[in-house]
Amino acid sequence: MADDPLALLRDAGAACAEAAIRHAVIGAVARNAWATPRATADLDLAAIVPDRAACDRLVAALAARGIAVRRTAGDAADDVPDLLRLERPTGIVRRLDILPAKTPFEVEAVTLAVLADLGCSARVVTPEHLIVYKLIAGRPHDLEDIVEVIRTRELDGRPIDEGLVRRWATEWDIVERLEDVLGRDRA
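First things first, this report covers the structure right here in the doc. If you're wondering where the values come from, they're calculated on a predicted model, not measured in any experiment.

1. Here's the deal with the pairing of strand E5 (residues 95–100)
Strand residues, when the strand is regular, have side chains that alternate between the two faces of the sheet.
Part 1: Here strand E2 (residues 42–48) pairs with E5 via six bridges, running parallel. Bridge assignment links Leu 45 to a residue of E5, and that residue is Ile 98.

2. Remarks on the pattern of salt bridges
Part 1: Summed over the entire model, instances satisfying the criterion amount to 18 salt bridges.
Part 2: Of the charged contacts in the structure, one is a salt bridge between Arg 95 and Asp 97, with a shortest N-O distance of 3.2 Å.
Part 3: Judged by relative accessible area, Asp 97 falls into the buried class, the value being 5%.
Part 4: The salt bridge involving Arg 151 is made with Glu 148; its shortest N-O contact spans 4.0 Å. Here Glu 148 and Arg 151 lie together in helix H6 (residues 140–155), a separation of three residues that amounts to about one turn.
Part 5: A residue is classified by how much of its surface remains accessible, and Glu 148, at 28% relative accessible area, is partly exposed.
Part 6: One network of salt bridges, in which partners are shared, links Arg 31, Arg 38, Lys 134, Arg 139, Asp 142 and Asp 145.

Thresholds, definitions, all that
- Position numbers for residues count from 1 along each chain, tracking the sequence in the order it is written.
- Thresholds applied to this predicted model are a pLDDT of at least 70 for local features of residues and 80 or more for the giving and counting of side-chain atom pairs; totals over whole chains, interfaces and linings are not thresholded and use all residues.
- Neither water nor hydrogens contribute to the side-chain values; these are computed over all heavy atoms in the structure.
- Only when DSSP finds a minimum of two bridges between them are two strands counted as paired.
- In DSSP terms, a helix is any run of H or I states spanning at least four residues, a strand is any run of E spanning at least two, and both are numbered starting from the N terminus.
- Salt bridges are defined by distance alone: a side-chain nitrogen of Lys or Arg within 4 Å of a carboxyl oxygen of Asp or Glu.
- Only protein chains enter the accessibility calculation, which uses a 1.4 Å probe; a residue whose area is less than 20% of its type maximum is buried, one above 50% is exposed, and one in between is partly exposed.

Right, dumping it as structure tokens:
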């Protein structure tokens, strides 16, 4: 249905299930699971795509739902691209970015994802993993999203596991960025 903002989320989840691909929502839609929602025009998923055959199964399952590859990014020598940018010609939310999990952090984020109600049930990365994804991206709106997630969790009486975030921030060499964001939150 063209005016259903959840159609792409449901269809992407169904395609991942059909292709036997473990996945989790990341990006702004995941942020909306852990903080006051904000508008977004796309859906981002992390997915464990072990090889080219799995990638091909996923692309075929998405295509069967009217979601087509528009662009891929990554090293041409890699079996699986670093990014699949897909799009559906109609709908409120049309763009889907899938980031195949290639690092231990990404695999952990997908593996430890939890079910959340986003208007429909979906696997979503934990708040801590989302914070690390947003630290890696490092754009101003990502850093503001982190502050909102931390504040919302604190207000709910469920503060983030700062140790887990710090461990991955150290691994990605983004501790300084984390300290800056934590300073904003505590200001």
